[in-house]
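Next come the chains, spelled out residue by residue.
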Amino acid sequence: MTLHVPLKVVVVGHGMVGSRLVDELVRRSAESFDITVLGAEPYEPYNRVLLSDVVAGRTEVASISMPAPGGDHVTTLRGVAAVSVDRKVRTVTDSAGAVHGYDHLVLATGSRARVLPLPGLVDGDGAVDLPAGVHALRTLDDAREIVAASVNTPRAVVVGGGVLGVEAAYGLASRGLRVTLVDPSSAPMSRQLDTTAGDVLAAGLRDAGVTLHLGARPREVLVAGGRVVGVRLGGDDGEVVAAGLVVLTTGTVPEAGIAREAGLTADRGIVVGHDLASPDDPRVFAIGDCAQPPQGSRGLVAEGWDQARRLADHLASLVAVRARESRRDAAPREHLRFPQEGERPSMAVRLGTLLASRAPTDQGVETRGTDVVKVKAGALSIVAMGVSGRREPAPGHRAVALHDATAGRYVEVVVADGILVGATCVGDPRVAADLTAAYTRRTPVPVDPAFLLLTPVMPSAEPASSPEHMPEDATVCRCNGVTKHDITRCWDDGARSVDDIAAATRATTGCGSCREAVCGLADWLAETREVGEASAETDVALVHASSGDG
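These remarks concern the structure in this document. (Residues numbered from 1 in each chain as written. Predicted model: local features only at pLDDT ≥ 70, side-chain atom pairs only at ≥ 80, totals over all residues. Heavy atoms only, no water.)

A look at the overall build of the protein
- When you go through the protein residue by residue, the secondary structure sums to twelve helices and 28 strands.
- Split into buried and exposed, the 550 residues of the protein put 47% on the buried side.
- A fraction of 63% describes how many contacts in the protein between residues 6 or more apart in sequence connect residues 24 or more apart.
- Roughly 25900 Å² of accessible area belongs to the protein as shown, and the carbon and sulfur atoms make up 51% of that amount. (Helix = DSSP H or I, 4+ residues; strand = E, 2+ residues; numbered from the N terminus. Buried < 20%, exposed > 50% of the residue type's maximum accessible area, 1.4 Å probe, protein only. Contact = heavy atoms within 4.5 Å. Areas by Shrake-Rupley, 256 points an atom, 1.4 Å probe, with all protein chains shown as cover.)

And the structure:
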């Protein structure tokens, strides 16, 4: 008889990446792991990507919750933070004083908002001390506080013109506030966009009612009676922008403190190799925003999800090796289920494997598909991927661009060796969707890449007016590679709501833009399947009646 001992895994962090790792492990083989999750926030996992949608009023707080992985082999402690790690005895001590042993430790502690050391934001000792009305936008509580503050003030200043800053400024403006966006660069989103694309975006923001102070830095946050009243800008004139709400979107700082205290190498983040393990301890891993892999980190959730999938594969392989060794003299017995072994794995595991079949090598990890930046700002459409933004020309790269300032459109594509290696698209969501598909799937591009810049001018099929007319292989959720066929099969397997579909396939848990389509498919399936079932029951009854049965 072979005794099966689960692998003890402690996951520190219950955000989008930590919870995804737990889900990946459970879907592979729940009985093979004994998982403890420590989450500092008192909430179930939620979609942090959609916080800017909450601020804009496009999404309710309740709508951004994510399916929580669970089961008999998962213990989740919400509102409980990890305070120390003892690598010698392999234990983690939490904020409640409990001690958790581990075979492998995964740090998914994320990052915190970076706060500029400005007068009004820090005290005399340099410690962060935010006055009333000043908020970062990093957590669910932050989003709730910003929404509440927006009701009581007509003016807001957003400090930082990156992706989150653009989303926050646009969202607050859509709520009717007079918004000023302050950024030291000459155009917003300077990390992702070149100057021309940034100028097109800036024009779109101005059209949406956002005032831009570009090339400007805040010098001081003005406070009266413990509450913010404005922001003083740098420069000779020291211009003051009045505001009762200030939102800080000036970047993030990886939460690497617990790793440093445990004697693990940390630079900006927790240093890990291509295998996501610390070079100081092969039993300790870091994923998500807190990790610093050799190829660097962009802070995108797709990147963290890919790391979670790769790490789950690695831990599952360790269990498989240990199981083989423990039953070397016993009869063969399977513990893990992979696509090539016996029973089919869960749908989400299959989709994840198809979407991102990356593996670490000595040369690094292929990250195509995890580096697509998509801005959620209502009518403004901004997407950047791969080789994009300000850069030096590279040998073998061919770039062509379309700039139509009047229409608020800018498209640039970069091709090499017959495939798309990068693209920027501002103001044309249809082209952006096509470019994203071509980039992530590595499909061959036309000999003349200029054809990629525009939607087809020849007559083409109209968009499907009903899910019935959608091809079975039509992608519904690009973040997780979910097709109409996947959702239909999920429904046939028993799913009866959008939440059920999300739990089975992970559709809607990424950027959230596919939720309406998934809802439409669910409604269509409910209607057509119920009609089909009713018709089948009628046919059976008629057969029985004609044969003289009861």
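Comments concerning the packing of aromatic side chains
- Counted under the stated rule, the structure contains one aromatic pair.
- Considering the side-chain rings of Y43 and Y46, the 6.4 Å spacing of their centres and the 75° angle between planes classify their relative orientation as edge-to-face.
- On the basis of relative accessibility, which here comes to 23%, the residue Y43 falls in the partly exposed class.
- Taking the relative accessible area as the measure of exposure, Y46 reaches 7% and is therefore buried.
- Above the ring of W305, the side-chain terminus of R20 is found at 3.8 Å from the ring centroid. (Phe/Tyr/Trp six-rings, centres within 6.5 Å; stacked < 30°, edge-to-face > 60°. Lys NZ or Arg CZ within 6 Å of the ring centre and 35° of its normal.)

Describing the sheet that holds strand 6 (residues 99–101)
- Spatially, the three strands line up as an open sheet ordered 4-5-6, and their pairing is antiparallel. The outermost strands of the open sheet, each flanked by one partner alone, are strand 4 (82–86) and strand 6. Averaged over all neighbouring strand pairs, the angle between strand axes comes to 25°, with direction disregarded.
- For strand 4 and strand 5 (residues 91–94), the ladder comprises four bridges, and the chain directions are antiparallel. (Pairing = 2+ DSSP bridges. Axes fitted to C-alpha atoms, helices over the stretch in contact; angles between N-to-C directions.)

Section: the sheet that holds strand 9 (residues 134–136)
- Strand order in the open sheet made by the five strands is 9-16-10-11-12, with parallel pairing throughout. Only two strands of the sheet have a single partner each, and these edge strands are strand 9 and strand 12 (210–214). Between one strand and the next, the sheet's axes are offset by a mean angle of 20°, whatever the strand orientation.
- Judged from the five bridges that link them, strand 10 (residues 155–159) and strand 11 (residues 178–183) form a sheet pairing that is parallel. Each bridged residue has a counterpart across the sheet, and for V159 the counterpart in strand 11 is V182.
- Sheet strands touched by helix 5 (residues 195–207): strand 11 and strand 12. Its angle to strand 12, the strand with the most contacts, is close to 140°.

A short note on the environment of V182
- With respect to the helices and strands, V182 occurs in strand 11.
- On the basis of relative accessible area, V182 is assigned to the buried category, the value being 1%.
- Expressed as a C-alpha distance, the spacing of V182 and G161, which sit 21 residues apart in the sequence, is 6.6 Å.
- In contact with V182, not counting residues within four places along its chain, are V157, V158, V159, G160, G161, H213, A216, P218 and L233.

Concerning the pattern of salt bridges
- The tally for this structure, following the rule as stated, stands at 20 salt bridges.
- With a shortest N-O distance of 2.7 Å, D23 and R27 are connected by a salt bridge. Of the two residues, D23 and R27 are both situated in helix 1 (residues 16–29); the distance of four residues between them amounts to about one turn of the helix.
- With relative accessibility at 14%, the residue D23 sits in the buried group.
- One network of salt bridges, in which partners are shared, links E24, R28, D306, R309, R310 and D313. (Salt bridge = Lys/Arg side-chain N within 4 Å of Asp/Glu carboxyl O.)

A short note on the pairing of strand 7 (residues 104–107)
- Where burial is concerned, the two faces of strand 7 agree: the one with H104 and V106 and the one with L105 and L107 are both buried.
- Two strands pair when backbone bridges link them, and strand 1 (residues 7–12) and strand 7 are joined in this way by four bridges, in the parallel orientation. Bridge pairing in strand 7 links V11 to V106.
- Note that strand 7 and strand 20 (residues 281–286) share three bridges and pair parallel. Its bridge partner being in strand 20, L105 is matched across the sheet by V284.

Looking at the nonpolar core
- Counting residues in each nonpolar core, the largest one holds 44 residues, and the members touching the most others are L21, F33, L105, L107 and I287.
- Where this core is concerned, the elements lending two or more residues are strand 1, helix 1, strand 2 (33–39), strand 4, strand 7, helix 6 (257–261), strand 20 and helix 7 (301–326).
- A total of six residues in this core trace back to one element, the largest contributor, which is helix 7.
- Those residues in contact with F33, other than ones at most four positions away along the chain, are P6, L7, V9, L25, H73, L315, A316 and V319. (Core = buried A, V, L, I, M, F, W, Y, C linked by side-chain atoms within 4.5 Å.)

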